[in-house]
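Here are the chains, one letter per residue:
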Amino acid sequence: MELNKLTIKEASEGLKKGEFTSVDLTKACLERIKEVDKKINAFLLVDGEGALKAAAESDKRRKEKKSLGQLDGIPYALKDVFCVEGMKTTAASKILEDFIPPYSATVYEKLRDAGAVLLGKVNTDEFTMGSSTENSAFGVTKNPWDLTRVSGGSSGGSAAAVAADECLFALGTDTGGSIRQPASFCSTVGLKVTYGLVSRYGVMSYASSFDTIGPLAKSTEDIAIILNTIAGYDEKDGTSVPYSSRESRGWRDESRSKELGSSRLARARSNNNLLPDYTKSLNKDIKEMKIGLPKEFFGKGIESEVRRVIEKAIEDLKKMGVKIEETSLPSTKYAIAIYYIIAKSEASSNLSRYDGIKYGMSAISKQPSANSKLDLRSVYTKTRGDGFGPEAKRSIMLGTYTLSAGYYDAYYKKASQVRTLIKEEYEELFKKFDLLISPVSPTPSFKIGEKIDDPLTMYLSDVLTVPINPAGIPAVSVPAGFTKDGLPVGLQIMGPMLGEPKILQLARSYEEINKWYKRKPNL
Amino acid sequence: MALSKKETKKIADLARLKLKEEELAKFADQLSGVLDNFKMLSEVNTKNTKPTSQVTGLNNICREDKKILDWKANKDIKKNREKLLMNAPKQEDGFIKVPGVFEE
């Protein structure tokens, strides 16, 4: 048995029965990394020693009947924007090449406290800005299904590591598709959660009003298991949603939002989130579901093989008794523009903290004599000019422009207004439909180098994933099959705010029809 | 919406980015293309639309106003301070040291 190929569900059962230990499981992953990572370049840092130590502790707990649950002893990887105290965290940027975080991300602490075993850090586009990991300062992550192609981005390292069975699951971040698109390109399941459901504390920011954290895994069931651990209110994150089951249906209602004051926060703290058990709804019947197909997501730009795969998925779902109907989200055509205006505006502001003063790369040399001519402004400009890669620089430039005096109204404010229209269109549709489905990306994985010198084309390739983030709603990418060239294609399932249980329910029912998620790349 | 090299230089200056000549030329060209694409928003009527800057409906989120650390008694303070300073390129007496802002 190749232990590294197991799902979390299978592995946790094996651990429970004593068929193997967490050390066995962790060793299998570490060996797999040694064997294949030179081909795909998913890992930026492997902490074999730390992982084996954590695995041994997990085994000890299990022996003493003190196991912490399904994730106890399960090896995983973190995208390299999650801070882990004492472990190098680079955001795949030269500017943070040697950065050692003084504190850890909340989600890391939650996983550690659940007994999960951290194997190391995986690649991303620099500061998660990109759709291919080609913007990483440390080389592209190749697609395990075709090494001449990209793994997608920005969570390409996470998706490739899961697809190549180097770990059992990984965490990524999704600002405009950065979990869903690589999941689709690599044939893993990837969930973009409702904005505010998972704490972002200790995770490096790209665009703060879009950023979310979510899992990439080998099955929908595993996604639900991970979500059970990472979801929930965190007072360290001001955008974290105090979420109790009573509010699960409508915390965004006007009548309720008045109540969002301190009493509700206090309640969220005291009841420690009455979150749903995301594994409970997985096997519920989907027959009564009503699904919408927004026609703007099936337009001219969709490649024929992607269209064929998704149309087959729609047929499969119809056969299961789901009611499917065409619908429309007319403002979708503005999504790319509003997404990139807002994302780059927020990014330019977020990246201003990298200035060579407090941490990271710095033009201030260690030798005092060399600094005699360096004034403060030159420290800023030189550090940032040398430290950031092309896409980070482009983001800073674009965001600085759209926020600058005289242009703010035409760009940032206008985009924020159109954002309202997009959000309202989704809200209207979810009064009529339980869920919406579409392809994740108009194309399967593209060739390395194909789009990197043309940022506009790269931006436009995100057309089917970016509309979700301005609205804040959740969406999953689930493996839906392969093109005739053997490249994976993902099905996107979108739901209303906090609609994760329903999304996962449909994803689970769908993936069991053809079991595409079980197919593995030849590496 | 063609950005001139001069405008591009000004933006880089505002953003405290030192760019090489070839970067300036490349960005002027690439950003012009992207900004052109953004122009389509002008056709949308947003006269009576409020802007959305966040989607949770939460506002005025502050932690409870209570003491979380006894600064005098806490032994971790010094350790935490060292941890935070560890990444600073230059420090002196427990402070981050920076080049002067004003000329003498």
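Computed from a predicted model, the values in this text were never measured in an experiment.

Participant: Before we go on, may I ask you to explain the overall build of chain A in this structure?
Facilitator: Scanning chain A from N- to C-terminus turns up 17 helices and 13 strands. Relative to a compact globule of 523 residues, whose C-alpha radius of gyration would be 24 Å, chain A shows 22 Å and is just as compact. If you line up chain A on its principal axes, its C-alpha atoms span 75 × 60 × 55 Å. Burial statistics for chain A: of 523 residues in total, 64% are counted as buried. Counting contacts in chain A only where the partners sit at least 6 residues apart, residues at least 24 apart contribute 77% of the total. Of the roughly 18400 Å² of accessible surface on chain A, 50% is carried by carbon and sulfur atoms. Averaging the positions of the 75 positive and the 67 negative side-chain charges in chain A gives two centres separated by 1 Å.

Participant: Teacher, can you tell me more about the side chain of T402 of chain A here?
Facilitator: Topologically, T402 of chain A is positioned in helix α13 (residues 390-403). Given a relative accessible area of 1%, T402 of chain A falls into the buried group. A distance of 3.2 Å separates a polar side-chain atom of T402 of chain A from the backbone oxygen of G399 of chain A. Discounting residues that sit within four places of it in the chain, T402 of chain A has contacts with I341, S345, Y407, Y408, Y411 and Y412 of chain A together with L35 of chain B.

Participant: Mind showing me how you'd approach the interface of chain B and chain A here?
Facilitator: How big an interface is tends to be expressed through the accessible area that disappears when the partners come together. Taken residue by residue, the interface counts 56 residues in chain B and 77 residues in chain A. Note on chain B versus chain A: buried area summed over both sides is about 5600 Å², and carbon and sulfur give 68% of it. On inspection of chain B and its partner chain A, the count reaches 4 salt bridges. Residue D13 of chain B pairs with R377 of chain A through a salt bridge whose shortest N-O separation is 3.4 Å. Linking chain B with chain A are 17 residue pairs in polar contact (both at pLDDT 80 or more), by the criterion used here. For the side of chain B that touches chain A, the secondary-structure elements that each account for two or more residues are α1 (5-14), α2 (21-38) and α3 (76-85) of chain B. A per-class count over the side of chain B that touches chain A returns 29 nonpolar, 15 polar and 12 charged.

Participant: It is not clear to me how the environment of Q54 of chain B should be interpreted in this structure. Could you clarify?
Facilitator: Residue and element names in this part refer to chain B. For Q54, the location among the structural elements is in the loop between α2 and α3. Of the residues examined, Q54 reaches a relative accessible area of 31% and is grouped as partly exposed. Of the polar contacts made by the side chain of Q54, one reaches the side chain of T56; its length is 2.9 Å. For Q54, the side chain forms a polar contact with the main-chain oxygen of L58, separated by 2.6 Å.

Participant: Help me understand the packing of helix α11 (residues 335-350) of chain A against α13 of chain A in this model?
Facilitator: For any two helices packed against each other, one specifies the inter-axial angle together with the distance between the axes. Residue and element names in this part refer to chain A. At a minimum axis distance of 7 Å, the contact between α11 and α13 shows a crossing angle of 100°. On the basis of their axis angle, the class for α11 and α13 is roughly perpendicular. Residues I341, K344, S345, A347 and S348 of α11 form the contact with α13, whose own contacting residues are E391, S395, I396, L398, G399, T400, T402 and L403. Residue classes in the contact of α11 with α13 are distributed as 5 nonpolar, 6 polar and 2 charged.

Participant: Is there a simple way to explain the sheet that holds strand β10 (residues 323-327) of chain A in this structure?
Facilitator: Sheet strands pair by backbone hydrogen bonding; their relative direction is either parallel or antiparallel. Residue and element names in this part refer to chain A. Strands sit in the order β1-β3-β2-β6-β8-β7-β12-β13-β11-β9-β10 across an open sheet of 11 strands; the sheet is mixed. Looking at which strands have only one partner, the edges of the open sheet turn out to be β1 (43-46) and β10. The average undirected angle you get between the axes of adjacent strands in this sheet is 30°. Two strands pair when backbone bridges link them, and strand β7 (residues 189-192) and strand β8 (residues 212-217) are joined in this way by 2 bridges, in the antiparallel orientation. Counted as the bridge partner of G190 is L216 from β8. Contacting β1, β2 (75-79) and β3 (117-122), helix α2 (residues 22-40) crosses the sheet at an angle of about 20° to β3.

Participant: I would appreciate a short explanation of the pattern of salt bridges in the present structure.
Facilitator: Pairing of side chains with opposite charge becomes possible as their charged atoms draw close. Residue and element names in this part refer to chain A. Using the criterion set out here, one finds 39 salt bridges over all chains in the structure. The residue K53 makes a salt bridge to E57 at a minimum N-O spacing of 4.0 Å. You can see K53 and its partner E57 sitting in helix α3 (residues 48-63), 4 residues apart, about one turn around the helix. With a relative accessible area of 41%, E57 lands in the partly exposed category. Here R508 ties to E512 by a salt bridge, and the two come within 3.3 Å at their closest N and O atoms.

Participant: Is there a simple way to think about the side chain of E305 of chain A in this case?
Facilitator: All names here are of chain A. Locating E305 in the fold gives a position in helix α10 (residues 304-319). In terms of polar contacts, E305 uses its side chain to reach the side chain of R308, at 2.9 Å. With residues up to four places along the chain from it excluded, the contact list for E305 reads T483 and K484.

Participant: I would appreciate a short explanation of the pairing of strand β5 (residues 146-150) of chain A in the present structure.
Facilitator: Along a regular strand, successive side chains alternate from one face of the sheet to the other. Residues and elements named next belong to chain A. When strand β4 (residues 142-143) meets β5, the two strands line up antiparallel, connected through 2 bridges. Bridge pairing in β5 places N143 opposite D146. Hairpin geometry of β4 and β5 is characterised by an intervening segment of 2 residues between the two adjacent antiparallel strands.

Each value, and the rule that gives it
Residues numbered from 1 in each chain as written. Chains lettered and ligands numbered in written order. Predicted model: local features only at pLDDT ≥ 70, side-chain atom pairs only at ≥ 80, totals over all residues. Heavy atoms only, no water. Helix = DSSP H or I, 4+ residues; strand = E, 2+ residues; numbered from the N terminus. Rg over C-alpha atoms; globule rule 2.2 N^0.38 Å. Buried < 20%, exposed > 50% of the residue type's maximum accessible area, 1.4 Å probe, protein only. Contact = heavy atoms within 4.5 Å. Areas by Shrake-Rupley, 256 points an atom, 1.4 Å probe, with all protein chains shown as cover. Lys, Arg positive; Asp, Glu negative; His and termini not counted. Charge placed at Lys NZ, Arg CZ, Asp CG, Glu CD. Polar contact = N/O pair within 3.5 Å; in protein donor to acceptor, adjacent residues only side chain to side chain. Buried area = accessible area lost by both parts, 1.4 Å probe. Salt bridge = Lys/Arg side-chain N within 4 Å of Asp/Glu carboxyl O. Nonpolar A, V, L, I, M, F, W, Y, C, P; charged D, E, K, R; others polar. Axes fitted to C-alpha atoms, helices over the stretch in contact; angles between N-to-C directions. Parallel < 35°, antiparallel > 145°, perpendicular 65-115°, else oblique. Pairing = 2+ DSSP bridges.

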